[in-house]
There are 2 protein chains.
Amino acid sequence: MLKLLFADRIENWPAYEPALNAALEQAGIAAKLVLPPADPASIDYIIYSPRGPVQDFAAYTRTKAVLNLWAGVERVVGNPTLTQPLCRMVDEGLERGMVEWVTGHVLRAHLDIDFFLTHQDGVWRQTGHVPPLARDRSVVILGIGALGGACATTLAGLGFNVTGWSRTQKTLPGVTCLSGATGLRDALSKAEILVTVLPDTPETTNLLNAETLALLPKGAAILNPGRGTLIDDDALLAALDSGQIAHATLDVFRVEPLPPAHPYWAHPQVTVTPHIAAETRPASAARVIAENIRRFEAGEPPLHLVDRSRGY
Amino acid sequence: MLKLLFADRIENWPAYEPALNAALEQAGIAAKLVLPPADPASIDYIIYSPRGPVQDFAAYTRTKAVLNLWAGVERVVGNPTLTQPLCRMVDEGLERGMVEWVTGHVLRAHLDIDFFLTHQDGVWRQTGHVPPLARDRSVVILGIGALGGACATTLAGLGFNVTGWSRTQKTLPGVTCLSGATGLRDALSKAEILVTVLPDTPETTNLLNAETLALLPKGAAILNPGRGTLIDDDALLAALDSGQIAHATLDVFRVEPLPPAHPYWAHPQVTVTPHIAAETRPASAARVIAENIRRFEAGEPPLHLVDRSRGY
């Protein structure tokens, strides 16, 4: 019987234990899930997240693979003790969750839903609060890989005028695709609603800064379900205070949980959500984990194996 | 030169005047727009809404048609002074507006966006606020004609588990279609989010009452962008107070504007929007008006002519 170490935060155990056991049973894998502390030399697979208790992989001499529960691997890929194969999570539920969060918050900005929620005061305000139709609203997505691309095509399907930007040129149905430095300036200059879904790399750090925020149309809304490092926080706060940016909905931050004293929490033009946009769903993630264990045991190529030289 | 009376509320004149003139010019129609008071016997066409100044059509002896700016004609179709042909508005912009309002508010309920907007207090709450995916969320649309059907297929396209109900059986791609009295009970019993898009007829009055509201799953959300008469207001308020219904977002009311003292305004579980879900958009509506004038003048069959025996 295989021994699987659950090395995510213990708070997630109640949701994952039944999901993993169900997925393992369905995949026909005889395995026992164990929690730390457990003898490292007895563990066949590590079900991992960077928020869990395992930082040093050296003692896991028997371990055949580290199976990450997160899509991002930036907090583990450079770990010098990691000699085992590393797989990242590509969870179809995660992609759907991202699409739903982005679509919901784009429509919230588009329809000015917050205005109505804060004006339940008996005054019937009709004039001026009928928004343009989606086809007359320009939405720009920075980052049109698997997640951002799914968001872009979904918003285009709802009728929005969607522009997607990526480092290298891509093609997506119904979406104006731009790339490179000039493309970025063109994209930003028409972003009434800007969505950032880029990965965390040296090139994307502080991509939204004082200079690039000034390129947006005055009164733009920003949604960041990507990575906290994409935004220069001081520059965004200044742009919100000047009215250059009307509103920001932020799901990711440089430090998480976002500290209680951080100015984002109290800012009237900022909505904080607690890193939920692309949450891994236990049921669908457990199926990916079980399938990968099955593949390793059968000697088949695993899914979503990380190329360490590329970093993802 | 034709003489067209603009008989909608005067507040709408600044938006409609340029839109109508542009559409008339594009259709090649030589016409002059006039405002009341104007000699009724000089008017060729009346551009009409029930909120405008014309209630008696008898003196409009030269008028070839009454062109309604609203989709609903229940407030004019029974007017005994109306002997001229009546056309209702079928505005593609109106349909898109309805789809966008419904999709935005369904996603708002689905993602529990209000919870985050009211909890910007420095506490990072992750557990329990990751919603199920749309595919695990049951949305029911009562009324799947042109508007409700477009809402149903759009929500199904986003992945929601959508059921549509209509008086007579219909078929829509990706939507479970139910009909009749038994179908209504089945639909209501699974409506985590219920959207009412039915017309105002004797059969639909108070369709949502104490008995039918009790059929919904406890904690359901209701969106009404249809007609105010669909809901027994006292029964809804009681169901909100008991927790049977968690939240209602209401765009239409028995009396509009909704009076400042109406309990809906102050109720913490109710969001009032001022009849904006299916607002006629001046640009697209003006094109329909101009096209119908062109057709009447050319002796061609007009668009969306009302059958008075049917009532719509």
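The text that follows walks through the structure, step by step, so that each part is easy to find. (Residues numbered from 1 in each chain as written. Chains lettered and ligands numbered in written order. Predicted model: local features only at pLDDT ≥ 70, side-chain atom pairs only at ≥ 80, totals over all residues. Heavy atoms only, no water.)

1. A closer look at the environment of P274 of chain A
Residue and element names in this part refer to chain A. Within the fold, P274 resides in the loop between β12 (270-272) and α9 (282-298). In this structure P274 comes out as buried when scored by relative accessible area, which is 5%. Once the C-alpha coordinates of P274 and P257 are considered, the two residues, 17 residues apart in sequence, prove to be 7.3 Å apart. (Helix = DSSP H or I, 4+ residues; strand = E, 2+ residues; numbered from the N terminus. Buried < 20%, exposed > 50% of the residue type's maximum accessible area, 1.4 Å probe, protein only.)

2. Focus on the packing of helix α1 (residues 13-26) of chain B against helix α9 (residues 282-298) of chain B
All names here are of chain B. Put simply, α1 and α9 touch, their axes get as near as 8 Å, and they point 45 degrees apart. Regarding the angle of α1 to α9, the classification is oblique. Crossing handedness for the pair α1 and α9: right-handed. Across the interface between the two elements, A15, Y16, A19, L20, A23 and L24 from α1 touch P282, A283, A285, A286, R287, I289, A290 and I293 from α9. (Axes fitted to C-alpha atoms, helices over the stretch in contact; angles between N-to-C directions. Parallel < 35°, antiparallel > 145°, perpendicular 65-115°, else oblique. Left-handed = near helix turned anticlockwise from the far one by under 90°. Contact = heavy atoms within 4.5 Å.)

3. Remarks on the sheet that holds strand β8 (residues 176-179) of chain B
For sheets, the rule is that strands pair by backbone hydrogen bonds, running either parallel or antiparallel. Residues and elements named next belong to chain B. Pairing in this open sheet of 7 strands is parallel, and the strands run β8-β7-β6-β9-β10-β11-β12 from one edge to the other. On the outer flanks of this sheet lie β8 and β12 (270-272), each paired with one strand and no other. Strand after strand, the sheet turns through a mean of 15 degrees between neighbouring axes, direction not considered. Pairing between strand β10 (residues 220-224) and strand β11 (residues 245-250): 5 bridges, direction parallel. Considered in β11, the bridge of A220 is made with I245. (Pairing = 2+ DSSP bridges.)

4. Notes on helix α5 (residues 180-189) of chain A
Each turn of an α-helix holds 3.6 residues, which means side chains three or four residues apart point in the same direction. Residue and element names in this part refer to chain A. Residues of α5 that are buried include every one of G183, L184, A187 and L188, and no others. Buried residues of α5, seen end-on, are gathered within an arc of 130 degrees and therefore sit on one face of the element. If you follow the buried residues of α5, they end up packed against β6 (138-142), β7 (161-166), β8 (176-179), β9 (193-196) and α6 (210-213). (Arc of directions from axis to C-beta.)

5. Brief notes about the interface of chain B and chain A
Of the residues lining the interface, 52 residues belong to chain B; the matching set on chain A comes to 52 residues. Together, the buried faces of chain B and chain A total about 4300 Å²; carbon and sulfur atoms form 65% of this surface. For chain B, the biggest contributors to the area lost against chain A are Q120, W124 and W265 of chain B; these three give 19% of the whole. Taken together, the links from chain B to chain A amount to 2 salt bridges. The partner of R135 of chain A in a salt bridge is E92 of chain B, with the nearest N and O atoms 2.8 Å apart. (Buried area = accessible area lost by both parts, 1.4 Å probe. Salt bridge = Lys/Arg side-chain N within 4 Å of Asp/Glu carboxyl O.)

6. Description of the relation of the copies chain B and chain A
The transformation that overlays chain B on chain A combines an axial shift of 0.0 Å with a rotation of 180 degrees, and the residual RMSD is 0.1 Å. The operation mapping one copy onto its partner corresponds to a two-fold rotation axis. Among all residues of chain B, the minimum C-alpha distance to the rotation axis is found for G104 of chain B, at 3.0 Å. A high fraction, 100%, of the interface residues of chain B reappear at the interface in chain A, so the copies pair face to face through one surface. (Least-squares fit on C-alpha atoms with pLDDT ≥ 70 in both.)

7. Examining unusual backbone geometry
Looking along the chain, the bond that leaves P36 of chain A and enters P37 of chain A is cis, with omega of 0 degrees. Along the chain, P37 of chain A turns up in the loop between β2 (31-34) and β3 (45-48). The amide bond that connects E256 of chain A to the next residue, P257 of chain A, takes the cis arrangement and shows omega of -10 degrees. On the secondary structure map, P257 of chain A appears in the loop between β11 (245-250) and α8 (263-266). Despite not being glycine, D112 of chain A shows a phi value in the positive range, around 55 degrees. A positive phi angle, near 50 degrees, is found at H275 of chain B, a position not held by glycine. Inspection of the secondary structure puts H275 of chain B in the loop between β12 and α9.

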